[in-house]
Structure formats: C-alpha cells, structure tokens
Amino acid sequence: MPIELAHDFHRAAVDDRPVHPLGSRAKVLLTSVFGPYAVDDEYGSSRINPMELYHNQVTRTQGPFSLRMFHRSWGIMMIQCNLAARCNVLDFPSLERFIAELKAEPYDVIGISSILVNVLKVKKMCELIRHYQPEAKIVIGGHIANLQDLAQRVDCDHVVRGEGVEWFRHYLGEDTDKPYNHPVVYSPVNMRSMGVKVPNRRGNTAATLIPSVGCPMGCNFCSTSAMFGGKGKFNTFYSTGDEIFNVLLGIEREAGARSFFVMDENFLLNRTRALRLLELMEQHGKAWSFYLFASANVLRKYSIDQLVRLGVSWIWIGLEGEQSRYDKLRGADTREMIREFQANGIRVLGSSIIGLEDHTPENIDAAIDYAVSHNTDFHQFMLYTPLPGTALHSELSGKGLIVDEELVGLPEIHGQARFNYVHPHIRDGLETELLLRAFNRDFEVNGPSVVRIVETTLKGYRKYKNHPDARVRDRFIWESLELGTTWCAVVAATRRHYRKDKAMREKLTALLRVLHGEFGLKARLASGLGGRFVHFMMKREMKRIERGETSEPPTFFESNHPVAGDRAQPCQYVSPGPAAGRPVRESVAV
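Residues numbered from 1 in each chain as written. Predicted model: local features only at pLDDT ≥ 70, side-chain atom pairs only at ≥ 80, totals over all residues. Heavy atoms only, no water.

*Asks:* Quick one: what's the story with the sheet that holds strand β15 (residues 312-320), residue by residue and with numbers?
*Replies:* The strand order across the open sheet built from six strands is β10-β13-β14-β15-β16-β17, with neighbouring strands paired in parallel fashion. Taken across any chain shown, the strands that pair with only one partner, and hence form the sheet edges, are β10 (207-209) and β17 (378-383). Between one strand axis and the next, the sheet turns through 20° on average, direction left out of account. Of the pairings in the sheet, the one linking strand β16 (residues 347-354) to β17 comprises six bridges and is parallel in character. Paired with S352 across the bridge in β17 is F381. Packing against the sheet, helix α13 (residues 334-343) makes contact with β15 and β16, and its axis sits at approximately 165° to β15. Docked against the sheet, helix α16 (residues 430-446) engages β16 and β17, running at close to 175° with respect to β17. (Pairing = 2+ DSSP bridges. Helix = DSSP H or I, 4+ residues; strand = E, 2+ residues; numbered from the N terminus. Axes fitted to C-alpha atoms, helices over the stretch in contact; angles between N-to-C directions. Contact = heavy atoms within 4.5 Å.)

Okay, structure coming up:
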C-alpha cells in the first residue's frame, strides 16, 4: 500500500477516537512516573532495575567503571512541542512533587507515560489525580499500553497505544497533518564513570534525534515493534534527508551539538533518506557524528566508506545468539563485521539474549563465550522475556507457559532478574545466575568498556587523521580530542586498578605506550597526574558502591507556553522546515 494511502486508511480507521470538549483551550500535564527508581518499594521499584539504562543492562557488573547516566522521557517531550494547547511536562518527579503539582495548578488533561514494570506507580498516580483533580481526563501511554487489561488495572479515561502526537492533536482538535517539531535535548543527564562527572558542555555533548518510532524488524520479543503495529510497521516523523538535515541544523544551532544519539530502531533502513542526508552533509561541510541502532542485514547494504562519510560513530546492534532464527541476522558474520567497524573507529554495543529456546545449563557457557568473542565496546545481556502484547507472549500464553502474576509480578519482568514463563530447559531461578555470569564473563575477558572505547577511538584516529576529505578528517580529530588527555588518565588509572593482574596490566601498558607515542608530552603528563586523580576518584566511587548508594535523576518541569512568573522552564524545539511533509504511518517488507 502506498504511504499516503496507508496514512489516509489509518486516519479513517481512528476517526471514532475521543475529542476533548475544550479542544486547544485545554491545559495539559504530561508526566513520567514518580521516583525514586533504584529502591525496593511497595510500588514495584527495585534496586536491580534502576533508571540508568547502561548501568541497568550493559555495564551492570563493571563496578566503578560502569557508565552511569540518565535519559529524558523523549516521548512526552515530543508530544509537548507539537501541541498548540498549553502543555507542561513534569519529568522524573518525586511522589511529593507530583502531588504538589496537582495542588498548584488545575489541568484538564493529565497524561502519564510509563513502561510496564511501573504499573503500580501509574495506579497510584491515577488515584491521586482522581482525589485532587477529579475533573481531569487521565491518559496513559508508553509501553505500558501493551498491557491489554490496563484500563481494568488503573482508573484512567484513555489508553494510547502507539504514536502519541497524532492522538493528542486529534483529541484536542488540532491539525494532525502538520509537520512535527523536534525537541532540543541533550542525550545524557548526569553522566559519570570511574567517579568522575562529565558535564553537559555546549558543543561537546550529544543531542537526541528522533526520526521515527516503532521497529519494522518485528522480532517476536520486541515490545517496541508490538506497540506500533508489529513487523514491517512504524511511524515516520521525517521521511526525507532534507527534513532530517533541517532538524539537525536547528539542534546544532540551539544546542551547539555536533554529535547525535539517533533514537530510531533502524535509522539506516531508509537508504534513500540516509544517502540524501550524506549528500547534504557533504554539500554544507557538516562533520556530524551519529550514535544509532542498526540491524546486521541493513548494515551490510552500506560500504564502510559510506558509513564513515555519513558520520556513523557508534552502533547498537542486536546479536541475539549464535544460529538465532531472526531474519535481521541471516547470513551475517557478526564477528567479522564488528572487527571491521572497530578497525574504522566505529564503536559497537552488541546485544545478546540469555535464555533462548535452545539454551540449556549444559550449553549456556558456549553461548556466553560466543557473545563475548565479539569483543564489542559494550555488551548488553537481557533475559528472553515475553512481555505482554508481544508475539512471544501470545505464543507462550497459548501454550499455558506464562507464570501467574502472583508468582512473578509485572514489576519483575524487566529482563534483568527472572523468567515470567516456564523455560523448556532452565528452571528454578537459574536464569538469574546465568545472566550475571554473562556480564561477568564479558568484563573479565574484555575488560572495562571505557578502555575498549579508547582502543576503538584510537584506531579510527590513526586511520583517518590524514584523510584527504577534510570533513572526515575533522570528525575523527574532533572525536579524538581527549585521547591525549582525559583518556590517557582513564587508561593510567585503570592500569593502577589492575596492578595485580599481569595480563590486563600488560595490555594497558601497551595501550598507554601507543597513546604516548601519538600525543607526546601532554599524554605522559595526563597519565601521571590525571591517572592519579582518576584512580583516587575511582576508589571513592568503589566506597560509594559498597555503601549501597544509588543514583536518581533530577526533576524537570517545562512548558510550551511559559508566562511571566511561571514555575516552568520553556521547552526548546526546532522545525523541519517549510517544505516538510506530514508524518506518516509506514508499512515495509523486511
């Protein structure tokens, strides 16, 4: 079906959606669920499932080396900057701050965005809204909307499954065909590693780019794919390279950013759009860097030269497991692919699954060793988890294999603790130990991720620092600016940490030798003085971890229509330009 017809068909199919009687005169509050998040409490939060994505699922057992950061709730920010109605966003509130907002200002619509594990928090927030603002309409969205009986679990008026901007525009009587504005937001919040905080400096910090939502790959366990229609379906906000380029120009202007975390499940799938963006970058001399998600079968459609010139600096790629049955991996030698990426300065985050159907206590070590053998810069491990709404959940539910919620509640099925189903071979909670075994094996064999980043970045710098294309040369030099200073200190501190580990110490000594040869005296000074400082901060971080201290994100309160004396900060956004087309709901064959 052509894109335009698909969009019109979708619009006709949802014309029976509700409309608020106040239209754009309605006052809207959009909020994430309340914290704290890294504690064990009666609302389903748990220390094992913090809000920090990397520390939760990627560098979980790397101790002081773990990458610590938070990410904003981009979905509600995207909705906010695309509404004509007054809309406030309350991100990462405490329970007390949420109650204070309900007392401070009356709202006509209150939207809550959540993932499934926070269902008890959503329930509590709905109860509070009914108590303090009984006239307000309550709208629930996010991945929690995949829960089919959500409306029976919480007291809400509407559940929005899928893309929220179009739903809210329709609900408030606004134009659903208008091009989408894009929020201006830094990707990391409160980033630190080895006890050292990394400030969000203008020009040095990555910003977020959101070209589309949904995942066309349609893996059976994927909650994102299920949320937006399943295999082959997704919603595109910016269909052309020109629109993407204009948005990037706007973010560059407002935030000073030249690196971008692309929140799109498979940005390179639209090859025409990606190559047009490359063409425009070359025409205008833009040496931007992109951190993105991509599947192996899509990456194979691009040459290394194209990826390098496009500015692909970091790739999150699903490896899943050896001989897995997913089309996105068919025919791909992922180990060779990753070695080639790293040889060209492209850092890689590999993602593997523990607990696939064929995993057993007898073969799991071989499966873990296969994942570890990729030697990616980062490695995510997740339990094979049938989340409600996914094809995997439907399949296992039909076979009677889903465990009753009284035994494994919804707040526990986040993929980092235990199965919520009967696995054919792994029983009695063994999966918890196997998951930790995978994280530990990767850390023991490949070392801290922060050092792996240095190795890959150094390879890219040495290969491209004299590249004939000034734009390519400039990007690699910019990405490597701190190799001779900060990163030398990091490697030196790590060597001090591993002073009793002969193999690791020798590896780090060899790396320092190359850095010193490449960057000279400043690198030697940074290793000596900076290495001592970072090692001191590491020891402080280790004590903090031993005390059981946790990290929580700050609270944000922003408005798209701030007024004099307003308590909210103004939200920032950019436009894709006057020639931008309307957002579309797409279907593709994958």
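*Asks:* Which residues make up helix α10 (residues 271-284), and what values do they have?
*Replies:* Count 3.6 residues to each turn of an α-helix, and residues three or four apart come out pointing the same way. With 14 residues, α10 ought to run about 20 Å at 1.5 Å a step, and its terminal C-alpha atoms sit 20 Å apart, in line with that. Inspection of α10 places R273, A274, L277, L278, L280 and M281 among the buried residues, and these make up the whole buried set. Along the axis of α10, the buried positions cluster into a sector of 165°, meaning they face one direction only. Among the exposed residues of α10, those oriented more than 90 degrees off its buried face are T272 and Q283. In this structure, the buried residues of α10 make contact with β12 (233-236), α9 (241-255), β14 (289-293), α12 (304-310) and α18 (470-479). Of the residues trailing α10, G285 is marked for its positive phi of about 65°. (Expected span 1.5 Å × (residues − 1). Buried < 20%, exposed > 50% of the residue type's maximum accessible area, 1.4 Å probe, protein only. Arc of directions from axis to C-beta.)

*Asks:* Quick one: what's the story with the pattern of salt bridges, residue by residue and with numbers?
*Replies:* Throughout the structure, instances matching the rule amount to 40 salt bridges. For E105, the salt bridge identified is with R567, shortest N-O distance 3.2 Å. Note that E105 is positioned in the loop between α4 (95-104) and β4 (109-113) and R567 in the loop between β18 (556-559) and β19 (569-570), a separation of 462 residues in sequence. Among the residues examined, R567 registers a relative accessible area of 42% and is labelled partly exposed. Salt bridges sharing common partners tie together K27, R86, R97, E101, E105 and R567. (Salt bridge = Lys/Arg side-chain N within 4 Å of Asp/Glu carboxyl O.)

*Asks:* Describe the packing of aromatic side chains, with residues and values.
*Replies:* Two descriptors summarise a pair of aromatic rings, namely the distance from one centre to the other and the angle between the planes of the rings. The full count for this structure, using the stated rule, is 25 aromatic pairs. Summarising the aromatic geometry, the rings of W74 and F261 are spaced 5.9 Å apart at their centres and angled 40° between planes, so their arrangement reads as tilted. Note that W74 is positioned in helix α3 (residues 74-80) and F261 in strand β13 (residues 259-262), a separation of 187 residues in sequence. An identical accessibility class is assigned to W74 and F261; each is buried. Arranged with centres 4.9 Å apart and planes meeting at 50°, the rings of F419 and Y421 form a pair that is tilted. Side by side, F419 and Y421 carry an identical accessibility label, which is buried. Members of the aromatic cluster, joined through ring pairs, are Y54, W74, F261, Y291, F293, W314, W316 and F378. A cation over an aromatic ring shows up here: R97 above the ring of F557, its NZ or CZ 4.9 Å from the ring centre. The ring of F476 carries the charged tip of R475 above its face, separated from the ring centre by 4.2 Å. (Phe/Tyr/Trp six-rings, centres within 6.5 Å; stacked < 30°, edge-to-face > 60°. Lys NZ or Arg CZ within 6 Å of the ring centre and 35° of its normal.)

*Asks:* Any chance you could break down the side chain of Q133 for me, citing the residues and the numbers?
*Replies:* For Q133, the position within the fold is in the loop between α5 (119-132) and β5 (137-141). Among the residues examined, Q133 registers a relative accessible area of 8% and is labelled buried. Q133 has contacts with E101, L102, E105, P106, Y107, I110 and L128, leaving out every residue within four places of it along the chain.

*Asks:* Can you explain a positive patch on the surface? Please cite residues and give values.
*Replies:* A contiguous patch of positive charge on the surface is contributed by R496, R499, K500, R532, K539 and K543. Counting residues per element, the positive patch draws most heavily on helix α21 (residues 521-546), which supplies three residues. Tracing the backbone shows R496 in helix α19 (residues 486-497). (Patch = residues over 30% accessible without salt bridge, like charges linked within 9 Å, V, L, I, M, F, W, Y side chains within 5 Å. Areas by Shrake-Rupley, 256 points an atom, 1.4 Å probe, with all protein chains shown as cover. Lys, Arg positive; Asp, Glu negative; His and termini not counted. Charge placed at Lys NZ, Arg CZ, Asp CG, Glu CD.)

*Asks:* Give me the lowdown on helix α17 (residues 449-464), citing residues and values where you can.
*Replies:* When the terminal C-alpha atoms of α17 are compared, their 23 Å separation across 16 residues agrees well with the 22 Å that a helix rising 1.5 Å per residue should span. Among the 16 residues that make up α17, twelve are buried, leaving the element largely enclosed by the rest of the structure. The set of residues buried in α17 consists of S449, V450, V451, R452, I453, V454, T456, T457, L458, G460, Y461 and Y464.

*Asks:* Kindly report on the sheet that holds β18, identifying the contributing residues and their values.
*Replies:* Paired through their backbone hydrogen bonds, the strands of a sheet run either parallel or antiparallel. The seven strands are arranged β6-β5-β4-β1-β3-β18-β19 in an open sheet whose pairing can be described as mixed. Edge positions in the sheet fall to β6 (158-160) and β19, since each of these pairs with one other strand and no more. When β5 meets β6, the two strands line up parallel, connected through three bridges. Counterpart to G141 in the pairing with β6 is V160. Against the sheet, helix α7 (residues 164-171) engages β1 (28-32), β4, β5 and β6, with an angle of about 145° to β6.

Scope: geometric values only; no functional claims are made or implied.
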